[in-house]
Amino acid sequence: AAHAAKVRRFVYASSACVYDTRLEIPLTEAAPTCHPLPGYGDEKVFGERLCAAANADGVLSAVAARLFTVYGQGDDYGAKGKFIPSICAKVAEAVAERKATIPIWGDGQQVRSVIYINDCVEALWRLANTGVEAPINIASAHAITPNGLLVILSDIIGRQFPTHHDLTKPVGVRARIADTTLMDRVFEDWAPSTNP
């Protein structure tokens, strides 16, 4: 469809879920994608392969932006939300309903690189205006854990929240940390400005 519409530059919103789920190191773009998150990660790997094929065939110039935990306005604050909106919602509920504890899935030490939505959009716009065709990580230089986010929220509200760590709930991969060396080189005059 992009080719038929004579699109010259195509930015594919990929995901950190393409990376091998067994890896816990800072992930460079060269890290293996042989064991991605089943389903969603597989879909993103296939999309990246389509981009590579389009580049190889000269059909259009495509790049895969590997997004790491995007958060901000418009987030899903329901049961299926990612950990940032989920914990924010739990804190808001605890304040409104005077609950004593905050439930956290797992031990709260799962590490994620994140990027604020406004920074993500800016990065995608800048990426569209480059000639880069290799996949590129899009994330801030900061990583955070659910426990760390709870400390930040407690400081903002001025109240400490004891946690209940539910070890029966799914927690995803232990760590998904971005190496942003390539992004920093491509966007040499810009970096994400919002930190968690």
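Placed above this text is the structure.
Residues numbered from 1 in each chain as written. Predicted model: local features only at pLDDT ≥ 70, side-chain atom pairs only at ≥ 80, totals over all residues. Heavy atoms only, no water.

**A short note on the overall build of the chain**
Here's step 1: Summing up its helical and strand segments, the chain has five helices and 11 strands in all.
Here's step 2: C-alpha atoms of the chain, sized along the principal axes, occupy 60 × 35 × 30 Å.
Here's step 3: Burial analysis of the chain (196 residues in total) assigns 42% to the buried set.
Here's step 4: A total of about 10600 Å² of accessible surface is found on the chain, and carbon and sulfur atoms cover 57% of it. (Helix = DSSP H or I, 4+ residues; strand = E, 2+ residues; numbered from the N terminus. Buried < 20%, exposed > 50% of the residue type's maximum accessible area, 1.4 Å probe, protein only. Areas by Shrake-Rupley, 256 points an atom, 1.4 Å probe, with all protein chains shown as cover.)

**Here we look at the sheet that holds strand β1 (residues 9-15)**
Where strands meet in a sheet, backbone hydrogen bonds hold them as pairs that are either parallel or antiparallel.
Here's step 1: Taken together, the three strands give an open sheet; going across it, the order is β1-β3-β8, and neighbouring strands pair in parallel fashion. Bordering the open sheet on either side are β1 and β8 (136-138), each of which pairs with just one other strand. Along the sheet, successive strands turn relative to each other by an average axial angle of 35°, direction set aside.
Here's step 2: Two elements, strand β3 (residues 61-67) and β8, share three bridges in a ladder whose sense is parallel. For arginine 66, the partnering residue across the bridge sits in β8 and is asparagine 137.
Here's step 3: Packed onto the sheet, helix α1 (residues 40-57) meets β1 and β3 and runs at close to 155° relative to β1. (Pairing = 2+ DSSP bridges. Axes fitted to C-alpha atoms, helices over the stretch in contact; angles between N-to-C directions. Contact = heavy atoms within 4.5 Å.)

**Describing a nonpolar patch on the surface**
Here's step 1: Taken together, Val95, Ile156 and Ile157 make up a surface patch of nonpolar side chains, about 270 Å² in accessible area.
Here's step 2: Within the secondary structure, isoleucine 156 is located in helix α4 (residues 146-157). (Patch = residues over 30% accessible without salt bridge, like charges linked within 9 Å, V, L, I, M, F, W, Y side chains within 5 Å. Salt bridge = Lys/Arg side-chain N within 4 Å of Asp/Glu carboxyl O.)

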